[in-house]
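Structural features, examined
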Amino acid sequence: MIKTCMMVGAGSALLLGLVFGRDAVSYVATSASHLHAQVKDSVPVEFEIDRARKMIKDLTPEIRRNMHLIAKEEVEVEKLQERVGKLQGELAQGKQEVLRLKDDLGQEKSYYTYASHKYSRNEVQNDLAVRFERFKTQDATREKLESILRAREQGLQAARGKLDSMLAARRQLEVDVENLEARQKMVEVAQTSSNFSFDDSHLSRTQRLIEEIQTRIEVAERMVDSEGSLKGEIPLEEPKNSDVLDQVTSYFSDQEVEDAKVADKIEDRRGSLTSRIQLDPSLN
């Protein structure tokens with residue numbers, strides 16, 4: 001099986017070489033890049049959001065490891081601080097003792113009394129030499145320890161800053177994912193609204209039915225009126241004369257009567273005005 005796959009692969013490579021020549025590698029790389037892009041674009045956004053949320057969750061173990069390392073380093077730094085502090089106290093005490101013996105030896109004496117005991121000058125000088133060497137060794141040790149302490153304190157401070165940055169970055173990523181999820185929901189709602197089709201066919205059919213019923217009722221009402229006029233009832237009034245000559249004569253006769261009435265009214269008003277002038281001389 002493996003041998004067959006190898007032979008197929010070698011044959012494919014040879015075919016690509018023959019077809020594309022030196023550009024075969026470029027064609028293969030470009031095709032692989034396009035295929036990768038198409039596959040990635042086909043992945044649903046919801047899946048990518050869930051994957052991002054899981055990756056954020058996977059940061060928690062790493063953050064906990066860093067917190068553990070920082071806590072351990074804090075304990076070590078505290079111990080080193082205590083050691084340096086203790087050594088500084090011993091150096092201060094040793095400096096006082098060395099300076100006291102130095103001052104005592106500055107006094108030319110054969111014997112020196114300390115804690116109710118007498119010591120010769122040589123014994124005091126030897127003791128001073130031992131104390132001074134020990135003091136110099138402790139002082140050198142203090143310098144090294146303080147250098148180490150400063151370096152570890154700086155490293156601890158940097159680690160704390162890095163941890164704070166990781167925590168802040170994780171919180172920001174969580175907010176970003178929530179924002180992306182909310183935006184995706186809005187897109188889904190917008191797509192649903194745009195694709196929603198309101199089915200008003202039933203409403204349209206109902207409206208058409210109502211219109212048809214109204215039309216039928218109006219037609220029935222008109223038919224009833226028509227049937228009433230066709231039953232041959234007894235006429236109670238004379239039918240109107242439809243002769244055009246009679247209509248013209250009647251029209252103008254009525255008009256002459258109206259004109260005569262108007263003339264009579266004008267004559268009556270003129271006579272009334274003449275009577276008032278005769279009765280009232282001031283109107284002349």
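This text goes with the structure placed above it.
These remarks concern the structure in this document. Counting from 1, residues in each chain are numbered in the order their sequence is written. In view of the model being predicted, local features appear only for residues whose pLDDT reaches at least 70, and side-chain atom pairs are presented and counted only at 80 or more, with totals across whole chains, interfaces and linings using the full set of residues. Values reported for side chains reflect all heavy atoms of the structure, with hydrogen atoms and water molecules removed beforehand.

A separate point is the overall build of the protein chain. Within the protein chain, the regular secondary structure consists of six helices and two strands. When contacts within the protein chain are restricted to residue pairs at least 6 apart in sequence, those whose partners lie at least 24 apart make up 68%. Per-residue accessibility takes into account occlusion by the displayed protein chains alone, with areas from the Shrake-Rupley method and a 1.4 Å probe. Within the structure as shown, the protein chain displays about 24400 Å² of accessible surface, and the carbon and sulfur contribution to it stands at 57%. Numbering goes from the N terminus for both helices and strands, where a helix is a DSSP run of H or I of at least four residues and a strand is a run of E of at least two. Contacts between residues were defined by any pair of non-hydrogen atoms, one from each residue, lying within 4.5 Å.

The subject of this paragraph is the environment of Glu97. Note on placement: Glu97 falls in helix H3 (residues 45-105). Taking the relative accessible area as the measure of exposure, Glu97 reaches 27% and is therefore partly exposed. Each polar contact in these results corresponds to two N or O atoms within 3.5 Å; when the atoms are within protein, one needs to be able to donate a hydrogen and the other to accept it, and residues that are neighboring in sequence are counted only if both atoms are side-chain atoms. Within the local environment of Glu97, its side chain forms a polar contact with the side chain of Arg131, the two groups lying 2.3 Å apart. Three labels apply to residues, based on accessible area from a 1.4 Å probe with only protein chains included: buried if under 20% of the type maximum, exposed if over 50%, partly exposed otherwise in between.

Of the two faces of strand S1 (residues 111-114), the one holding Tyr112 and Tyr114 is buried and the one holding Tyr111 and Thr113 is not buried anywhere. When DSSP finds at least two bridges between two strands, those strands are taken to pair. In sequence, S1 turns back onto strand S2 (residues 117-120) through a hairpin of two residues, with Ala115 there showing a positive phi of about 55 degrees.

Residues Leu209, Ile210, Ile213 and Ile217 make up a contiguous nonpolar surface patch of about 340 Å² in total accessible area. In this fold, Ile210 is placed in helix H5 (residues 201-229). Think of a patch as exposed residues, more than 30% relative accessible area, with no salt bridge, where like charges cluster within 9 Å and nonpolar side chains (Val, Leu, Ile, Met, Phe, Trp, Tyr) cluster within 5 Å. Counted as salt bridges are all cases of a side-chain nitrogen of Lys or Arg within 4 Å of a carboxyl oxygen of Asp or Glu.

The biggest cluster of nonpolar side chains holds 13 residues, and the ones touching the most others in it are Leu80, Val84, Leu145 and Leu149. Every element with two or more residues in this core is listed here: H3 and helix H4 (121-195). Looking at which element gives the most residues to this core, the answer is H3, with seven residues. Other than its neighbours up to four places away in sequence, Val84 contacts Leu145, Glu146 and Leu149. By nonpolar core we mean a set of buried residues, namely Ala, Val, Leu, Ile, Met, Phe, Trp, Tyr and Cys, connected to one another through side-chain atoms within 4.5 Å.

This part covers the pairing of S2. In the sheet, S1 pairs with S2 via four bridges, with the strands oriented antiparallel. Of the residues in S2, the one forming a bridge with Tyr114 is His117.

Peptide bonds are trans in most cases, and residues, glycine excluded, mostly fall at negative phi. Phi is positive for Ala115, which is not a glycine, with a value near 55 degrees. The residue Ala115 is located in the loop between S1 and S2 in this model. In this structure, Ser116 is a non-glycine residue whose phi angle is positive, near 65 degrees. You can see Ser116 is positioned in the loop between S1 and S2.

A word on the pattern of salt bridges. What the rule picks out here adds up to 13 salt bridges. Linking Arg131 and Glu97 is a salt bridge whose minimum nitrogen-to-oxygen distance equals 2.3 Å. Of this pair, Arg131 sits in helix H4 while Glu97 sits in helix H3, placing them 34 residues apart in sequence. Owing to a relative accessible area of 25%, Arg131 belongs among the partly exposed residues under this scheme. Between Arg142 and Glu143 there is a salt bridge whose closest N-O contact spans 4.0 Å. Residue class for Glu143 comes out partly exposed when judged on its relative accessible area of 44%.

Turning our attention to the side chain of Gln184. By the element assignment, Gln184 lies in helix H4. Excluding its chain neighbours within four sequence positions, the residues that come into contact with Gln184 are Val45, Glu46 and Ile49.

Moving on, we come to the side chain of Arg142. Position of Arg142 among the secondary structure elements: in helix H4. Given the relative accessible area of 17%, Arg142 is considered buried.

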